[in-house]
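The primary structure of each chain is shown beneath.
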Amino acid sequence: MTKKRVTVVNTKSNGDVEYKVLNRIDEDMGLLKWSIFILFAAIICIPFDKCFGTVIVDFIAAILAVIGFGIFVYLVVRSHSLGNSEANLVVNAINDVVIRDADRLKQKVLKIKFCSDSINSYGVIDEEYVLVLLQNKTVLKYPIRQLKRKDEKYNYKLIVGKSEVCENEKQKGQIIRMSLIEKTRNSPLFISFATWSVIALMLGLGLGLVYMIYKCWHCVENVMLIFVTMIVLLSFVLLYGCADKMLPHNRFCDGMRYVMRMPLFILSLTKLFMPSITILVTLFLMFVYSFLPVFTVVVIIERAGYDMVMEGKLFILLTIPLIIATHGSEFICRIILRTSPFTGNDHHYQLFMRELVRFVYTKGNLNFVIYASYFVFLFISTFKSFQSGEPLLSTGIDMVVAKSFLVFIACTNMLDRKKSSNLESGRLLSLFIKMMIVHDDEEWRMKRKNHQLED
């Protein structure tokens, strides 16, 4: 049975109306995580241009970007649709109460509007209410209160049937007359779009910085320029501290303070890169802790005299690290959180860095990214094989990726099924030992004899 997104729960005799709205916060946050991971995967494809060819990498990156952006658009449209459904229900539910109050005041109702005020630009709800515009320009306000219920699938709200005259000019302006800019700015669609845009911009800035450093790393002069710039900016921190204490307060010296404060403002902008850098460092450390142990074992085996073919090494280095990173995610995440820069407590933002690591690096998130990556590769590889009879990369590598995906699926299913199995090592060993040491004593014979008589 399909759940109703918005529905009236109860209408009371005093005019109060209780209704509920479908709670999709957890689901939306989950889809947001997938969108972020897919967009990251699209950008990470850039360094592989030289290895696999520009056309192939660009094609894969374009598909990932379309999928990631499509999820984002879907979230925005669905959020806007749910907001419209709630507004329509509220207006219809309170219509009889509004007409009654208007008749009592001998006025006609010109307009009824559901309003929602936000604390900030991220869409955090501060107050919800219904505004009613009467013929004499009086604006009535019907508050909407949040109700606490055990049902977490819905948000329960109460429309208070007793009105009050709205004296807040800002709130009155929402129904009396609003410009196109104000309508756009206060619309749920714009708020949602602005929220997702801020997230995408912050992630894009960080990835852009990393890409610039990657491009400049091949040139010694560019690397030196980056380090010199950072040292000069940091030196202004000490210079500004000393100058602020020594210089007197007049127009000229205050102007010098303003000029010296500009590099400090530029340094403060580096905080915009922190979310992206945090996620990139998390992915790098995850790769190190899952790949390097397997790579070390492969090197030791080869040094011991066992010659492994290239496809065999690629299969092991592609499959086992992914299994370790996915199914050992809780253990590796704890190790990452104990690694610099996530261990410090000198600044408040470090607490949120650790929360971001826990939010991003989970078994479910990584599983989704791996399955999506395998799906894209196998789809393109299979299509090209049917279309032209040629492999995507090479016959051996395409086969390695396909077999690696099969092994990953088998391992994932095996470990997931293990939770529902009844193979307890302690119980099994106990049965083994009892079978070896037990003997037919007189007490056992009596129990056996009594059991046979009862049968």
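Treat the numbers as computed from the prediction; the structure is a model and nothing was measured. (Residues numbered from 1 in each chain as written. Predicted model: local features only at pLDDT ≥ 70, side-chain atom pairs only at ≥ 80, totals over all residues. Heavy atoms only, no water.)

Caption draft 1: Representation of the nonpolar core within the structure. Membership of the largest hydrophobic core comes to 39 residues, with the highest contact counts inside it found for Leu-64, Met-286, Ile-336, Phe-342, Val-357, Tyr-361 and Leu-366. Where this core is concerned, the elements lending two or more residues are α1 (25-44), α3 (54-93), α10 (274-303), α11 (310-327), α12 (329-337), α13 (349-360), α14 (363-388) and α15 (395-418). Here this core gets 8 residues from one element, more than from any other, and that element is α1. Leave out the neighbours within four places in its chain, and Ile-336 touches Thr-282, Leu-285, Met-286, Tyr-289, Phe-342, Val-357 and Tyr-361. (Core = buried A, V, L, I, M, F, W, Y, C linked by side-chain atoms within 4.5 Å. Buried < 20%, exposed > 50% of the residue type's maximum accessible area, 1.4 Å probe, protein only. Helix = DSSP H or I, 4+ residues; strand = E, 2+ residues; numbered from the N terminus. Contact = heavy atoms within 4.5 Å.)

Caption draft 2: Main features of the side chain of Lys-157. Tracing the chain through its elements places Lys-157 in strand β6 (residues 154-159). Those residues in contact with Lys-157 that lie beyond four places of it in its chain are Val-17, Glu-18, Tyr-19, Glu-86, Glu-128, Ile-144, Arg-145, Gln-146 and Leu-147.

Caption draft 3: Structural detail: the pattern of salt bridges. In the structure shown here, the tally under the stated rule is 5 salt bridges. In this structure, Lys-157 and Glu-86 form a salt bridge, with 2.8 Å as the shortest nitrogen-oxygen distance. Taken together, the residues Lys-157 in strand β6 and Glu-86 in helix α3 connect sequence positions 71 residues apart. For the pair Lys-157 and Glu-86, one class covers both residues: buried. With its nearest N and O atoms 2.9 Å apart, the salt bridge here joins Lys-157 to Glu-128. In this pair, Lys-157 is assigned in strand β6 and Glu-128 in strand β4 (residues 125-134), connecting sequence segments 29 residues apart. Owing to a relative accessible area of 8%, Glu-128 belongs among the buried residues under this scheme. If you follow the salt bridges from partner to partner, you end up with Glu-86, Glu-128 and Lys-157 in one network. (Salt bridge = Lys/Arg side-chain N within 4 Å of Asp/Glu carboxyl O.)

Caption draft 4: Region of interest: the packing of aromatic side chains. Summed over all chains, the structure comprises 7 aromatic pairs. Considering the side-chain rings of Tyr-371 and Phe-405, the 5.6 Å spacing of their centres and the 80° angle between planes classify their relative orientation as edge-to-face. Placement of Tyr-371 in helix α14 and of Phe-405 in helix α15 is noted, with a sequence separation of 34 residues between them. Using a relative accessible area of 29% as the deciding quantity, one classes Tyr-371 as partly exposed. With relative accessibility at 13%, the residue Phe-405 sits in the buried group. Ring centres of Phe-375 and Phe-379 lie 6.1 Å apart, and the angle between their planes is 35°; this geometry places the pair in the tilted category. Taken together, the positions of Phe-375 and Phe-379, both in helix α14 and 4 residues apart, correspond to about one turn of that helix. Each member of the pair, Phe-375 together with Phe-379, is exposed. (Phe/Tyr/Trp six-rings, centres within 6.5 Å; stacked < 30°, edge-to-face > 60°.)

Caption draft 5: Layout of the pairing of β6. Counting buried residues along β6, 5 of its 6 residues qualify, which places the element largely inside the surrounding structure. Taken together, the 6 bridges between strand β2 (residues 17-22) and β6 define a ladder with antiparallel strand orientation. Its bridge partner being in β6, Leu-22 is matched across the sheet by Tyr-154. With antiparallel pairing between neighbouring strands as the criterion, strand β5 (residues 139-147) and β6 make up a hairpin whose turn holds 6 residues. (Pairing = 2+ DSSP bridges.)

Caption draft 6: Highlighting α11. Taking 1.5 Å per residue as the helical rise, α11 with its 18 residues ought to reach 26 Å, and the 26 Å between its terminal C-alpha atoms agrees with that figure. Looking at α11, one finds that the buried residues are Lys-313, Thr-319, Pro-321, Ile-323, Ala-325 and Thr-326. (Expected span 1.5 Å × (residues − 1).)

Caption draft 7: Geometry of the confidence of the model for the chain. Residues of the chain with pLDDT of at least 70 account for 72%, and the chain-wide mean is 75. Of all secondary-structure elements in the chain, the lowest mean pLDDT belongs to helix α2 (residues 49-52), at 56, while α11 reaches the highest, 88. (pLDDT = per-residue confidence, 0-100.)

Caption draft 8: View of the pairing of strand β1 (residues 6-11). Alignment of β1 against β2, held across 5 bridges, turns out to be antiparallel. The residue bridging Thr-11 from the neighbouring strand is Val-17, located in β2. Hairpin connection from β1 to β2: 5 residues lie between these consecutive antiparallel strands, with Gly-15 at a positive phi of about 100°.

Caption draft 9: Fine view of helix α4 (residues 95-104). Within the span of α4, buried status applies to Val-97, Val-98, Asp-101 and Ala-102. In an axial view of α4, the angular spread of the buried residues amounts to 135°, which keeps them on one side of the axis. Opposite the buried face of α4, by more than 90 degrees, sit the exposed residues Asp-96, Asp-103 and Arg-104. Positive phi shows up at Lys-106, right after α4, with a value of about 55°. (Arc of directions from axis to C-beta.)

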